[in-house]
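# Working through the structure, step by step
The primary structure of each chain is shown beneath.
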Amino acid sequence: MGTDLHELLRSLRVWDPEVTALPPFDPATAPAEPLDLFTTWFAEAVAAGQSEPHTMSLATSDEAGLPDVRIVMLHGADADGWSFATHANSRKGEQLAARPYAALAFYWPVLGRQVRVRGPVAAAPAEESRGDLHARSTGALAAALTGRQSQVLGSVEELERESRAAWDRARAEPDAPVPSWTLYHLRPDAVEFFQGDGSRRHVRLNYRRTEGGWTRELLWP
């Protein structure tokens, strides 16, 4: 007899107190810039033991406006924006070329927190993209050298063969160029911080960019 998905879903809990702490969040004390609050929340997620806090959902859309989403890694967050990287000829790279606007979502369940970021995306200069790639691990370089991301794969054996060759080259040439590797910066128009509450009185603080700087507003949960 197969698994009953609905029974399984009903058996699960959200924010089990054995593994989740819901800290208070007073939006009146929030800093004027969203990057400052993000940096604080990110550090608190790390300190709380959140696994892979630097992973995030990246949502893009294609030429027809159809949405797509996947999990990627945060490469940085600074005055240039929230950064991630991929091949320019990958599915998400092609979508960003067609529609250079995206959204990010972080979820840190150990603290019942989410952060949502939305805004236009621009490719970094080639030199910066090269520096990003070569600052990463040998495995990351090997994966980038394998290339052809999102293209149809003929067989697992083909992947194994190409991967072995890429690993050999990455070890022998740690500065091997990958012209398609591109670092992207998302410059936010809006950044929302969500703090869960055990009584479902969740706090949602939204930063919205205006001509005069950042405006803060509360949202209904």
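That block above? That's the structure.
Residues numbered from 1 in each chain as written. Predicted model: local features only at pLDDT ≥ 70, side-chain atom pairs only at ≥ 80, totals over all residues. Heavy atoms only, no water.

## Quick word on the overall build of the protein chain
The criterion, for reference: Secondary structure elements follow DSSP: runs of H or I no shorter than four residues count as helices, runs of E no shorter than two count as strands, and numbering proceeds from the N terminus. For every residue, the accessible area (1.4 Å probe, protein chains only) is compared with the maximum for its type, and the residue is labelled buried under 20%, exposed over 50%, or partly exposed between those bounds. Residue contacts are counted whenever heavy atoms from the two residues lie within 4.5 Å of one another. Working definition of accessibility: Shrake-Rupley area with a 1.4 Å probe, residue cover restricted to the visible protein chains. Positive charges are assigned to Lys and Arg, negative charges to Asp and Glu, while His and the chain termini are left out of the count. Charge placement uses NZ in Lys and CZ in Arg. For Asp and Glu, CG and CD serve respectively.
Within the protein chain, the secondary structure is distributed over 6 helices and 10 strands. Looking at the protein chain residue by residue over its 221 residues, the buried ones come to 35%. In the protein chain, the proportion of contacts linking residues at least 24 apart, taken out of those at least 6 apart, comes to 64%. Per element, the accessible surface of the protein chain, about 13100 Å² overall, is 53% carbon and sulfur. Between the averaged position of the 23 positive side-chain charges in the protein chain and that of its 30 negative side-chain charges there is a distance of 3 Å.

## A word on a nonpolar patch on the surface
For the record, the criterion: Residues form patches when they are more than 30% accessible in relative terms and have no salt bridge. Like charges link within 9 Å. Nonpolar side chains (Val, Leu, Ile, Met, Phe, Trp, Tyr) link within 5 Å. Just to be clear on terms, a salt bridge is a Lys or Arg side-chain nitrogen sitting within 4 Å of an Asp or Glu carboxyl oxygen.
Where nonpolar side chains cluster on the molecular surface, the patch consists of Leu 5, Leu 8, Leu 9 and Leu 12 and spans about 400 Å² of accessible area. Position of Leu 5 among the secondary structure elements: in helix α1 (residues 5-10).

## Points about helix α5 (residues 138-146)
Each turn of an α-helix holds 3.6 residues, which means side chains three or four residues apart point in the same direction. Listing the buried residues of α5 in full gives Ala 140, Leu 141, Ala 142, Ala 144 and Leu 145. Where α5 is buried, its residues contact β4 (81-87), α4 (126-134), α6 (156-172) and β7 (181-186). Immediately beyond the C-terminal end of α5, within one or two residues, lies Gly 147, with a positive phi of roughly 65°.

## What about the environment of Thr 3?
Tracing the sequence through the fold places Thr 3 in the segment before α1. Considering only alpha carbons, one finds Thr 3 and Pro 177, 174 residues apart in sequence, at a separation of 47 Å.

## Some details on α4
Here is the rule we go by: Each C-beta atom gives one direction from the helix axis, and the arc is the one those directions make.
Listed in full, the buried residues belonging to α4 are Ser 129, Asp 132 and Leu 133. Around the axis of α4, the buried residues are gathered within 95° of arc, so they sit on the same side. Tucked inside the fold, the buried residues of α4 contact β4, α5 and β7.

## Quick word on the environment of Ala 79
Tracing the backbone shows Ala 79 in the loop between β3 (76-78) and β4. In this structure the C-alpha to C-alpha distance between Ala 79 and Asp 26, which are 53 residues apart in sequence, comes to 25 Å.

## Description of the pattern of salt bridges
Applying the stated criterion across every chain, the model contains 10 salt bridges. Where Glu 162 meets Arg 148, a salt bridge forms, and the shortest distance between an N and an O atom there is 3.5 Å. Of this pair, Glu 162 sits in helix α6 while Arg 148 sits in the loop between α5 and α6, and the two are 14 residues apart along the sequence. The partly exposed category is assigned to Glu 162, whose relative accessible area is 30%. A salt bridge links Arg 204 to Glu 192, with the nearest nitrogen and oxygen atoms 2.6 Å apart. With a gap of 12 residues between them, Arg 204 in strand β9 (residues 203-210) and Glu 192 in strand β8 (residues 190-195) connect regions that are remote in the sequence. On the basis of relative accessible area, Glu 192 is assigned to the buried category, the value being 6%. A single salt-bridge network, built from bridges that share partners, covers Arg 116, Glu 192 and Arg 204.

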